[in-house]
Amino acid sequence: VLFRSCPAFEKEWNISKWWMAYGVWTPIIMVLVQVWAQIRPRDLPLNVMVTYLSILLFGTLNHAPSENLGINSFLVNIVGMFCAMNLGALKEYCTGIPSVTSIIPVLFVLAPGSRIVLELLLMMESTDTVGYNPFGGIVAYLWLLGVTYSLGIYMALSYWKPLLLRKEISNNEEMLAEVKEHRRKSIMARTTHKNK
């Protein structure tokens, strides 16, 4: 085990239960993150909804029935990012708002915290004489985090990408047809104007 700490939200001195943190405080944080990322106000509700559902799923898989499910945290990352990307891609398919605007806040919230930063600083300060293994513990953990997040996103995009591309091509064809029709009408109007 990389870090030994008390399980979150399970002791009586914790501020609140897991569902309070993920279900009530997360939407407030999500709105702030979306504003910080300069998302257009009209896109905020859908983005916050996708991000909120994704973070709520992560919280549920990590904390709610953990003794019953026994799901590894890396597997939770894959499943969670897979579901988050599916929701984001569905939003993009239906509205045209890019899915990345709702996936980046999820990654921002799930990013490793200050303990990881301190471990990385310790790793950078260490020398060979100290005996700290830079390719152990923390590096492997960060690598696995990146792989699991990427794997979940990749699996979802593998079947959404053709659908999104097909929709974009049909939208472009419709727009091109409208431009051609507008150009044809303007040419005809100029021709009839010259003939008069």
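Structural data are supplied above this passage.
These notes cover the structure that comes with them. (Residues numbered from 1 in each chain as written. Predicted model: local features only at pLDDT ≥ 70, side-chain atom pairs only at ≥ 80, totals over all residues. Heavy atoms only, no water.)

## Description of the side chain of Gln-34
- As for its placement among the helices and strands, Gln-34 is situated in helix 1 (residues 18–36).
- Gln-34 gets classed as buried once you look at its relative accessible area, which sits at 0%. (Helix = DSSP H or I, 4+ residues; strand = E, 2+ residues; numbered from the N terminus. Buried < 20%, exposed > 50% of the residue type's maximum accessible area, 1.4 Å probe, protein only.)

## Thoughts on the side chain of Thr-101
- Residue position: Thr-101 is located in helix 5 (residues 100–110).
- One polar contact links Thr-101 to Asn-47, side chain to side chain, over a distance of 3.1 Å. (Polar contact = N/O pair within 3.5 Å; in protein donor to acceptor, adjacent residues only side chain to side chain.)

## Quick notes on the nonpolar core
- With 21 residues, the main nonpolar core has Phe-58, Met-81, Met-85, Ile-103, Val-106 and Leu-110 as its most contacted residues.
- Breaking this core down by element, the ones donating at least two residues are helix 1, helix 2 (44–63), helix 4 (73–95), helix 5 and helix 7 (137–195).
- Dropping the residues within four chain positions of it, Val-106 is found in contact with Thr-51, Ser-54, Ile-55, Phe-58 and Met-81. (Core = buried A, V, L, I, M, F, W, Y, C linked by side-chain atoms within 4.5 Å. Contact = heavy atoms within 4.5 Å.)

## Some remarks on a nonpolar patch on the surface
- On the surface, Val-24, Trp-25, Ile-28, Ile-29, Leu-32, Trp-36, Phe-108 and Val-109 cluster together into a nonpolar patch covering about 830 Å² of accessible area.
- Those elements that place two or more of their residues in the nonpolar patch are helix 1 and helix 5.
- For the nonpolar patch, the element with the highest residue contribution is helix 1, accounting for six residues.
- Residue class for Ile-28 comes out partly exposed when judged on its relative accessible area of 48%. (Patch = residues over 30% accessible without salt bridge, like charges linked within 9 Å, V, L, I, M, F, W, Y side chains within 5 Å. Areas by Shrake-Rupley, 256 points an atom, 1.4 Å probe, with all protein chains shown as cover. Salt bridge = Lys/Arg side-chain N within 4 Å of Asp/Glu carboxyl O.)

## Comments concerning the environment of Ser-158
- With respect to the secondary-structure elements, Ser-158 resides in helix 7.
- Using a relative accessible area of 43% as the deciding quantity, one classes Ser-158 as partly exposed.
- A polar contact of 2.7 Å, which involves the side chain of Ser-158, links it to the backbone oxygen of Met-155.

## Comments concerning the pattern of salt bridges
- This structure, assessed with the given rule, holds two salt bridges.
- Here Asp-43 makes a salt bridge to Arg-40, at a shortest N to O gap of 2.8 Å.
- A relative accessible area of 8% means that Asp-43 is categorised as buried.
- Look at Arg-40 and you get partly exposed, because its relative accessible area is 43%.

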